[in-house]
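So you can see what is in the structure, the chains are spelled out below.
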Amino acid sequence: MEAARLIEATRHALAQARTVQDIVVEAWQAQALAEAVGSHLAVQGPFEARVAARGLSEAGCRASGGLRRTASRAGGLRAAQLTEVRDAWTVLTRLAELLGEVGIALVGVACACEEDAVYWQCIEGIDAADETTDRIGGLLRRLALRERGGAA
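A brief structural summary. (Residues numbered from 1 in each chain as written. Predicted model: local features only at pLDDT ≥ 70, side-chain atom pairs only at ≥ 80, totals over all residues. Heavy atoms only, no water.)

**Notes on the nonpolar core**
What counts here: Here, nonpolar core means buried Ala, Val, Leu, Ile, Met, Phe, Trp, Tyr and Cys residues that are tied together by side-chain atoms lying within 4.5 Å of each other. Buried, partly exposed and exposed residues are distinguished by accessible area as a fraction of the type maximum, computed with a 1.4 Å probe on protein chains only: under 20%, between the cut-offs, and over 50%, respectively. Comment: elements are numbered from the N terminus, with helices defined as DSSP H or I runs of at least four residues and strands as E runs of at least two. The contact rule is simple, with two residues in contact once any of their heavy atoms fall within 4.5 Å.
The biggest cluster of nonpolar side chains holds 46 residues, and the ones touching the most others in it are V37, L41, L92, L95, V102, I136 and L139. Of all elements in the fold, only helix 1 (3-16), helix 2 (20-44), helix 3 (50-64), helix 5 (88-112) and helix 6 (116-147) reach the threshold of two or more residues within this core. Not counting the four nearest positions on each side in its chain, L95 is found in contact with I7, A30, L33, A34, V37 and I136.

**Some remarks on the packing of aromatic side chains**
Let me state the cut-off plainly: Centres within 6.5 Å are what make two rings of Phe, Tyr or Trp a pair, Trp counting through its six-membered ring; a difference in plane orientation under 30 degrees is then read as stacked, over 60 as edge-to-face, and the rest as tilted.
Under the criterion given, the structure shown has 1 aromatic pair. Consider the rings of Y119 and W120, whose centres lie 5.0 Å apart with planes at 85 degrees: the pair is edge-to-face.

**Some words on the pattern of salt bridges**
How we decide: Salt-bridge detection follows one rule: a side-chain nitrogen of Lys or Arg within 4 Å of a carboxyl oxygen of Asp or Glu.
Here the structure, examined in full by the defined rule, presents 7 salt bridges. In this structure, E97 and R11 form a salt bridge, with 3.6 Å as the shortest nitrogen-oxygen distance. Here R11 lies in helix 1 and E97 lies in helix 5, a separation of 86 residues in the sequence. Given a relative accessible area of 42%, E97 falls into the partly exposed group. Note that E48 is salt-bridged to R146, the shortest N-O span being 3.0 Å. Residue E48 is found in the loop between helix 2 and helix 3, and its partner R146 is found in helix 6; the two are separated by 98 residues along the sequence. The exposure class assigned to R146 is partly exposed, which follows from its relative accessible area of 39%.

**A short note on the packing of helix 5 against helix 6**
To keep it simple, the criterion reads: All axes are obtained by fitting lines to C-alpha atoms, using only the stretch in contact for helices, and the reported angles, taken between N-to-C directions, cover 0 to 180 degrees. In what follows, roughly perpendicular refers to angles from 65 to 115 degrees, roughly parallel to angles under 35, roughly antiparallel to angles over 145, and oblique to any angle outside these ranges. Two helices cross in a left-handed way if the nearer one is turned anticlockwise from the farther one by less than a right angle. They cross in a right-handed way if the turn is clockwise. Amino acids are sorted into nonpolar (Ala, Val, Leu, Ile, Met, Phe, Trp, Tyr, Cys and Pro), charged (Asp, Glu, Lys and Arg) and polar (every other residue, Gly among them).
Running from amino to carboxyl end, helix 5 crosses helix 6 at an angle of 160 degrees, the nearest separation of the two axes being 9 Å. When the interaxial angle is binned, helix 5 and helix 6 end up roughly antiparallel. For the pair helix 5 and helix 6, the crossing hand works out as left-handed. Among the residues forming the contact of helix 5 with helix 6, the class breakdown is 22 nonpolar, 5 polar and no charged.

**Description of a negative patch on the surface**
Threshold: Nonpolar side chains (Val, Leu, Ile, Met, Phe, Trp, Tyr) within 5 Å and like charges within 9 Å form the patches, drawn only from residues with over 30% relative accessible area and no salt bridge. Throughout, the Shrake-Rupley method with a 1.4 Å probe supplies accessible areas, and for residues the shown protein chains are the sole cover considered. The convention is simple: Lys and Arg are positive, Asp and Glu are negative, and His and the chain ends are not counted. By convention, the charge on Lys lies at NZ, on Arg at CZ, on Asp at CG and on Glu at CD.
A surface patch of like charges, here negative, comprises E124, D127, D130 and D134. One can find D130 in helix 6. In this structure D130 comes out as partly exposed when scored by relative accessible area, which is 47%.

**Considerations on helix 2**
What counts is decided by this rule: One less than the number of residues in a helix, times 1.5 Å, gives the span that helix is expected to have.
The end-to-end C-alpha distance of helix 2 is 36 Å, a good match for the 36 Å that 25 residues give at a rise of 1.5 Å each. Of all 25 residues making up helix 2, 19 are buried, and the element is well covered by its neighbours.

**Quick look at the side chain of T10**
Here is the rule we go by: We call two N or O atoms a polar contact when they sit within 3.5 Å, provided that within protein one can donate a hydrogen and the other can accept it, with sequence-adjacent residues counted only if both atoms are side-chain atoms.
In this fold, T10 is placed in helix 1. Within the structure, the side chain of T10 is placed 2.9 Å from the backbone oxygen of L6, a separation counted as a polar contact. Ignoring any residue separated from it by four or fewer positions in sequence, one finds T10 in contact with E26, Q29, A30, L33, R78 and L98.

**What to know about the packing of helix 2 against helix 5**
At their nearest, the axes of helix 2 and helix 5 sit 10 Å apart, and the two run at 155 degrees to each other. Taken together, helix 2 and helix 5 sit at an angle that is classed as roughly antiparallel. Of the two elements, helix 2 crosses helix 5, and the hand of that crossing is left-handed. Listed contacts from helix 5 to V20, I23, V24, A27, A30, Q31, L33, A34, V37 and L41 of helix 2 are A88, V91, L92, L95, L98, L99, V102, A105, L106 and V109. Classifying every residue of the contact of helix 2 with helix 5 gives 19 nonpolar, 1 polar and no charged.

This is the structure:
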């Protein structure tokens, strides 16, 4: 499935999430999607952006590690369906927007929860979304530089 469609599916699932567990799962789904997009671009993206894409993949991987067990019970990782990235700029921009929405949702959960474990899981997710968004910004800068012909 094309990356933009997976991002929209994740955005929709996050918007529909009503329980704390559902919101946390969708946060990790977004991180797994960042890992998959980064991996795809590291192999098939523009040469100048491959190192930055690998960094995005690594950030998503570190963050989504806890999801693997939860996602297997919840129907699997949506990111496993990724087959192509048609427009890297659009996909990365939408992925950054999704991660911003994830951060907002996790802040809401963290402020309302009464369990320490859930609170810290949310804080970890917020940090992960922030780091991954930073990696996307670096990748977008490399793509912009490439478009300008490498001029600074």
